[in-house]
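# Fold and geometry: a report
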Amino acid sequence: MIRFLVIHNKQGKIRLSRWYTTIPYEEKCQLERDVHRLEINRDPKYTNFLEFKNFKVVYRRYAGLFFSVGVDYDGNVLSVLEIIHLFVEVMDQYFGSVCELDLVFNFHKVYGILDEILIGGEITETSKPLILQSLRAGEK
Amino acid sequence: MSKSATDVIKGLRKGKIDRTAFLTTVYSEIREEVKSPDLATKTNAIRKLFILALEGYDMEWASFHILEVMSSQKFSQKHSGLLAASQCFKPNSDILFLATNFFRRELVANNTIDTCIAINTLACIVNADMSKELLNDCVTLLNASKPILRKKVCVLFYKLFLQYPDGLVICFERLAEKLRDESPGVVMGTVNTIYELSRLNPAFVLFTAQALYEILNTTTNNFVLIKLIKLFVELAKVEPRLLKKLSGPFIRILTSNPAKSVEFEVIRAICAVFPESEDMLRIILQKLPGFLDSHDPNCKFYIVKYLGLVVLHKLIQINRDYAEEYRIFIMEALQSKDVTIRLRALELIKITTTNKSLIETIKNLLIEVEKPINAGIKEELISTCLYLLSLNQYELVEDFKWMFEVLLQIVNFKTSIHEAQLSSIMLDVVLRVEELREEACELSLNALEIFDTLKSEKCEALTALLFIIGEFSNYFSEGNLIKALSLVTKPRWELLNFHESVYNALSSCVFKIFIRAKEDGVFKACVKKLEENSVQIEHMESQERSLLYLNILTTSDKEKLNFVLKPFLPIHPSAQSLIFPPDALQQNFIVNDDELFTTKSDGTLEYHYYREEDFGDIQMTDQEKKAAKLKIKEKQMQDPYYIKPKKGKKKKGKKSKKLEGKVEEIKETAEVVKEEEIKKPEAPKKYSVNRAEPLIPS
């Protein structure tokens, strides 16, 4: 089960933060800061996984943004990487060559896209055409 | 003109304005706007509030307004409201009672899109009461005509079940039917939910195994495949007969599926459920180099190496023979630049070290500890060292003198969390291994020469060293004994303000050295030291002990103190059973004459005393209770030591007027205080970054 998905830029500013578990607000902020601090110091050649006590964080960097996903300890990390890539590709097709500014100004649409892919921390749809179809239907 | 959400964002991004001032103005504007009856203005206000919430402002006070916006008919307004709700409605907030009806309407509405976004938000905020109310509507949705609705509802069920477990029993069969749904998305959603449930209670979902097996053989979606493999591992724990049927599909998937993620998952599953199967392990071993040395351009080198190390870990747990081949590889992994891989390598070292390789392994680990890049994992490295040394009661150690030297080396690293374990290992090993004692004393003496550098929070290592020197000082030659004595009588001990236990150990050490020694000079030095200790040290307990030892030394006969020379030896755990208890400690030993109850001839119990706290659940008639209470009172009156309660009326506590005034003051200023507390500090300085750079380069 996916515990959270956080998008942050190199300065640590959170562009999107979706939590699928209930933990206190201060802990969330602390965790977001810790994850950011650990990720910016890592060489891009290294593995994309950070191990914490009872969960793992899988992250991937696209241009100036880090997409960090917290997953249970026995979750399959490679499939989570795929989910992150799927998310970015859907956004790319939806916004047309997506960049950070699109996430800043259209944050509500980004949450909408995320909700099509993940509900309650579980993967619901992996087919890009179907996701885009339901998004366009919502627009009308 | 009220700002739109985009204006707020643009305003925040302008470099020269004062962020907090801008945000405060926007916040006060929002508070006004949100009360307006016009839904469009309200929605605008809620959108702006959402942006502020990302900056740290509180959004919960607007819950009711958010609910109103959610109930709008326009999609964009509804969407904004639902988004705000998913961020700010907490599971125990009152607004959820009102929201339940709203969600019920949405779930049964004809509009697919509205229902979809409602389900999206519901998954984030549902609590136990809502779950109970909405369960039936969700079950109806399972048969909706649109697959997207069915799919979303299947995934939602997991959250509902988490909050309201009783619903599970009622609805689960209906959910399980969806495994045979024609739409693959619905099947995936159902599989996800069933997997999460199987982690909690595999026996419950077992009856779906047949349908799941069919999907395992037919699906082409890798995500579903991975979930199914994990599911079957959970199910196999409760139903071993599944294993026979699983071996075929697992081998097929392992050999045919090209995706590394699926391969990894199957290998992990095989290691968990088929640890004895020869052919499967053979295939895994063939695949292993593919992970450890992969040059696949799609998968980064380090990622697959990490996965390879995980697989290796599982393999070695199954069969230790593989450890030999990969030993050098593991050592190299320890030197890897990536910290995650180093941690994995450490785990592997814990399970692959043998007594022949122990010395080299520890040497390598200690070299690693000193390297600056390992500063973050220093503690893990030392924990691994201690783990290996003390594994199975020191099974791996052949040369204890070397081990003691290593322990002293680790003491110098000064990691406080390991000190307790370290000192207990040192003492344990010196007590048990007779041959070690002489060398241990000498080594401890050398280590103690720099005792001022060994100061730490609880000084356990120092205490251990002092104990060793004192207890086994009969192994010292005369020269060494004098040296030891001069060391422990240095005035620096008092100046450095160690922990109390160090001074206690110091006094005992001096005492024992005196008993061993034969010269007069030694005697005088010991007495002098103890006298000093009893006065100069701050801790009362240490002073007491020093005085006690001093008195024993000066007043008693030296021959009589020879019992102290008896060695302190470990005792076998079964030794206690060989000692018979003394007569006084027999079975009918009565602590208290007054019996609380006696057993009558027919086996029932007759109670003599009755107090609510003691026998709350015992059936007694009122008369019996009264009689018992009287008995207690009589006894208390006769007892000279019983303090009788004071007679007199109890005054009811009057609320202090001053306190009431203060409470009013606090209430008035509560909101302002809350606002100021919630605001985050200033944003960091700006960098020049191209935010218009596309995420996926074309």
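Given the structure is predicted, the values throughout are model-derived calculations rather than measurements.

### What about the overall build of chain A?
- A count of helical and extended segments in chain A gives five helices and seven strands.
- Shown N-terminal to C-terminal, the secondary structure of chain A runs as helices and strands in the order β-β-α-β-β-β-α-α-α-β-β-α.
- Computed over the C-alpha atoms, the radius of gyration of chain A is 15 Å, within 12% of the 14 Å expected from 2.2 N^0.38 for a compact globule of 140 residues.
- Each of the three principal axes of chain A carries a C-alpha extent, and together these read 45 × 30 × 30 Å.
- Looking at chain A residue by residue over its 140 residues, the buried ones come to 64%.
- Taking all contacts inside chain A whose residues are at least 6 apart in sequence as the whole, residues at least 24 apart take part in 48%.
- Total accessible area on chain A is roughly 5300 Å²; 52% of this is exposed by carbon and sulfur atoms.
- Distance between charge centroids for chain A: 5 Å, based on 18 positive and 19 negative side chains.

### Quick look at the pairing of strand β1 (residues 2–9) of chain A
Residues and elements named next belong to chain A.
- For β1, the buried fraction is high: seven of the eight residues fall into the buried class.
- The pairing of β1 with strand β5 (residues 65–72) spans seven bridges and is classified as antiparallel. When the sheet's bridge partners are listed, valine 6 is paired in β5 with serine 68.
- Taking the residues between adjacent antiparallel strands as the criterion, β1 and strand β2 (residues 14–19) are bridged by four residues, where glycine 12 takes a positive phi near 95°.

### Here we look at the pairing of β2 of chain A
Residues and elements named next belong to chain A.
- In terms of residue burial, β2 counts as a mostly covered element, since five of its six residues are buried.
- Inspection of the sheet shows β1 paired to β2 by five bridges, in the antiparallel sense. Bridging across to β2, valine 6 finds its partner in serine 17.

### A word on the confidence of the model for chain B
- Confidence in the prediction of chain B, expressed as mean pLDDT, is 79, and 86% of residues score 70 or more.
- Our summary of model confidence lists the complex with pTM equal to 0.71 and ipTM equal to 0.88.

### Regarding helix α31 (residues 540–555) of chain B
Residue and element names in this part refer to chain B.
- Compared with the 22 Å implied by 1.5 Å per residue over 16 residues, the 22 Å span of α31 between its first and last C-alpha is a close match.
- Those residues of α31 not exposed but buried are Ser542, Ser546, Tyr549, Leu550 and Leu553. All buried residues of α31 fall inside an arc of 105° around its axis, so they share one side. Opposite its buried face, α31 presents the exposed residues Met540, Glu544, Leu548 and Thr555, each directed more than 90 degrees away.

### Observations regarding the packing of aromatic side chains
Residues and elements named next belong to chain B.
- According to the stated counting rule, one finds 18 aromatic pairs over all chains in the structure shown.
- Ring geometry for tyrosine 27 versus tyrosine 57: centroids 4.9 Å apart, planes at 40°, classification tilted. Placement of tyrosine 27 in helix α2 (residues 19–33) and of tyrosine 57 in the loop between α3 (39–55) and α4 (63–70) is noted, with a sequence separation of 30 residues between them.
- Ring geometry for phenylalanine 172 and phenylalanine 207: centres 5.7 Å apart, planes at 90°, overall edge-to-face. Separated by 35 residues along the polypeptide, phenylalanine 172 in helix α10 (residues 166–177) and phenylalanine 207 in the loop between α12 (202–205) and α13 (209–218) bring together distant segments of the chain.

### Details of the sheet that holds strand β3 (residues 49–51) of chain A
All names here are of chain A.
- Pairing within the open sheet is antiparallel, and its five strands lie in the order β2-β1-β5-β4-β3. The outermost strands of the open sheet, each flanked by one partner alone, are β2 and β3. Direction aside, the axes of adjacent strands within the sheet are offset by 15° on average.
- Helix-sheet contacts for helix α4 (residues 107–117) involve β1 and β2, and the interaxial angle to β2 is about 35°.

### Here's the deal with the pattern of salt bridges
- One pass over the structure, following the stated rule, counts 29 salt bridges over all chains.
- For the salt bridge of arginine 344 of chain B with glutamate 51 of chain A, the shortest nitrogen-to-oxygen distance reads 3.2 Å. Separated into two different chains, arginine 344 of chain B in helix α20 (residues 339–352) and glutamate 51 of chain A in strand β3 make up a pair that spans both.
- The partner of lysine 483 of chain B in a salt bridge is glutamate 449 of chain B, and the shortest N-O contact between them spans 3.2 Å. Taken together, the positions of lysine 483 of chain B in helix α27 (residues 478–488) and glutamate 449 of chain B in the loop between α25 (436–448) and α26 (460–471) put the pair 34 residues apart, joining distant regions of the chain.
- In the salt-bridge network here, residues are joined through shared partners; they are Arg3, Asp72 and Asp74 of chain A together with Glu196 and Arg199 of chain B.

### Observations concerning the state of the cysteines
Residue and element names in this part refer to chain B.
- By the definition in use, this model includes zero disulfides over all chains.
- Lacking any disulfide linkage, cysteine 88 is separated from the closest cysteine sulfur, that of cysteine 124, by 12 Å.
- Cysteine 88 sits in the buried class, given a relative accessible area of 3%.
- There is no disulfide at cysteine 441, and the cysteine sulfur nearest it, in cysteine 509, is 9.7 Å away.

### Concerning the packing of helix α24 (residues 419–432) of chain B against α26 of chain B
Residue and element names in this part refer to chain B.
- Viewed as axis vectors pointing N to C, α24 and α26 meet at an angle of 15°, and their least axial separation amounts to 8 Å. The angle between the axes of α24 and α26 places the two elements in the roughly parallel class. Viewed along their axes, α24 and α26 form a crossing whose handedness is right-handed. Residues Glu419, Ala420, Ser423, Met426, Leu427 and Val430 of α24 form the contact with α26, whose own contacting residues are Glu460, Ala461, Ala464, Leu465, Phe467 and Ile468.
- The residue inventory of the contact of α24 with α26, partitioned by class, reads nine nonpolar, one polar and two charged.

### Comments concerning the interface of chain B and chain A
- Chain B puts 63 residues into the contact, and the matching count from chain A is 61 residues.
- Per-residue buried area on chain B facing chain A is highest for Phe223, Arg691 and Leu695 of chain B; these three make up 14% of the total on that side.
- Of the charged contacts, one joins glutamate 116 of chain A and lysine 152 of chain B as a salt bridge, the two residues approaching to 3.5 Å between their closest N and O atoms.
- Where chain B meets chain A, there are 20 residue pairs in polar contact (both at pLDDT 80 or more).

### Observations concerning the side chain of serine 546 of chain B
- Within the element layout of this structure, serine 546 of chain B appears in helix α31.
- On the basis of relative accessibility, which here comes to 0%, the residue serine 546 of chain B falls in the buried class.

### Overview of a negative patch on the surface
Residue and element names in this part refer to chain B.
- Together, Glu398, Asp399, Glu405, Glu438, Glu439 and Glu442 make up a region of like negative charge exposed at the surface.
- By residue number, the principal contributor to the negative patch is α25, which donates three residues.
- Topologically, glutamate 438 is positioned in helix α25.

The rules behind each value
Residues numbered from 1 in each chain as written. Chains lettered and ligands numbered in written order. Predicted model: local features only at pLDDT ≥ 70, side-chain atom pairs only at ≥ 80, totals over all residues. Heavy atoms only, no water. Helix = DSSP H or I, 4+ residues; strand = E, 2+ residues; numbered from the N terminus. Rg over C-alpha atoms; globule rule 2.2 N^0.38 Å. Buried < 20%, exposed > 50% of the residue type's maximum accessible area, 1.4 Å probe, protein only. Contact = heavy atoms within 4.5 Å. Areas by Shrake-Rupley, 256 points an atom, 1.4 Å probe, with all protein chains shown as cover. Lys, Arg positive; Asp, Glu negative; His and termini not counted. Charge placed at Lys NZ, Arg CZ, Asp CG, Glu CD. Pairing = 2+ DSSP bridges. pLDDT = per-residue confidence, 0-100. Expected span 1.5 Å × (residues − 1). Arc of directions from axis to C-beta. Phe/Tyr/Trp six-rings, centres within 6.5 Å; stacked < 30°, edge-to-face > 60°. Axes fitted to C-alpha atoms, helices over the stretch in contact; angles between N-to-C directions. Salt bridge = Lys/Arg side-chain N within 4 Å of Asp/Glu carboxyl O. Disulfide = S-S within 2.5 Å. Parallel < 35°, antiparallel > 145°, perpendicular 65-115°, else oblique. Left-handed = near helix turned anticlockwise from the far one by under 90°. Nonpolar A, V, L, I, M, F, W, Y, C, P; charged D, E, K, R; others polar. Buried area = accessible area lost by both parts, 1.4 Å probe. Polar contact = N/O pair within 3.5 Å; in protein donor to acceptor, adjacent residues only side chain to side chain. Patch = residues over 30% accessible without salt bridge, like charges linked within 9 Å, V, L, I, M, F, W, Y side chains within 5 Å.

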